[in-house]
Amino acid sequence: MCQEVNRDCSCGKEKVSFHLRDNIMSQEVIDRLFCPACSGTVALEKESMVADNGWVIEYDMDLARMYAIAKLGMEPDQVQPGFVFDEGYVTWREMYPGESRDIADERARIISMKETRPQEYLTAITAWAVERISRLKAEGWRKAKLA
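For the structure given in this document, a descriptive report is provided here. The numbers attached to residues start from 1 for each chain and follow its sequence in the written order. Selection of residues for local features in this predicted model requires a pLDDT of at least 70, selection of side-chain atom pairs for listing and counting requires 80 or more, and totals for whole chains, interfaces and linings are taken over all residues. Only hydrogens and water are removed before side-chain values are computed, so all heavy atoms of the structure are retained for them.

Right, let's get into the pattern of salt bridges. Salt-bridge detection follows one rule: a side-chain nitrogen of Lys or Arg within 4 Å of a carboxyl oxygen of Asp or Glu. Scanning the model with the defined rule gives 11 salt bridges in all. Overlapping salt bridges bring together Glu4, Arg93 and Glu94 as one network.

Attention now moves to the pairing of strand 4 (residues 49–52). Two strands form a pair only when DSSP identifies at least two bridges running between them. Secondary structure follows DSSP: runs of H or I at least 4 residues long count as helices, runs of E at least 2 residues long count as strands, and numbering of each begins at the N terminus. Pairing of strand 4 with strand 5 (residues 55–59) involves 4 bridges; the strand directions are antiparallel. By the bridge assignment for strand 5, aspartate 52 is matched with tryptophan 55.

Right, let's talk about the pairing of strand 2 (residues 15–20) for a bit. Bridging between strand 1 (residues 3–8) and strand 2 involves 6 bridges; their strand directions are antiparallel. The residue bridging glutamine 3 from the neighbouring strand is leucine 20, located in strand 2. Between strand 1 and strand 2, which pair antiparallel in sequence order, lie 6 residues; one of them, glycine 12, sits at a positive phi of approximately 85 degrees. Taken together, the 2 bridges between strand 2 and strand 6 (residues 91–92) define a ladder with antiparallel strand orientation. Across the sheet, residue phenylalanine 18 finds its bridge partner in strand 6, namely tryptophan 92.

Moving on to the packing of aromatic side chains. Only Phe, Tyr and Trp rings take part, Trp by its six-membered ring, and two of them pair if their centres are within 6.5 Å. Stacked means planes under 30 degrees apart, edge-to-face means over 60, and tilted covers everything else. Tallied over the entire structure, the rule returns 5 aromatic pairs. Relative to tryptophan 92, the ring of tryptophan 55 has its centre 5.6 Å away and its plane inclined at 70 degrees; by these criteria the two rings are edge-to-face. One end of the pair, tryptophan 55, is in strand 5; the other, tryptophan 92, is in strand 6, with 37 residues separating them in the sequence. Note on classification: 1.4 Å probe, protein chains only; a residue is buried when its accessible area is under 20% of the maximum for its type, exposed when over 50%, partly exposed between these limits. On the basis of relative accessibility, which here comes to 1%, the residue tryptophan 92 falls in the buried class. Within the aromatic cluster, the residues linked to one another by ring pairs are Phe18, Trp55, Phe85 and Trp92.

Next comes the structure, spelled out in structure tokens:
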């Protein structure tokens, strides 16, 4: 089972949904969140922060390590911000913040073919998904790079 939590960024302009894989870690692991508009106000600290295309997540790494040690049997030095994010323990619910909103129209247009032109729908949805992931990789989104 996974948990979803919402957080506002530091400046309050953006709200992001996070996915907590297998409920290994709690939402308290997210210390602060910075959107592209407010991330320029902080220096990236690699010991506690992860950057993703202008967004910055600051984790409470002591808490993250405690959960990783207790629930995953890991050594403390193995638990870094990149691990927490990239392995999905505390990461974006979507491929990137706002993805559902950004793709709603494109997706609806393709899905509308499903009942009347099923073969065309399958071709279109597959091509769309492949192109979208390639574009997101090129844009530098962390989750897309791992897809």
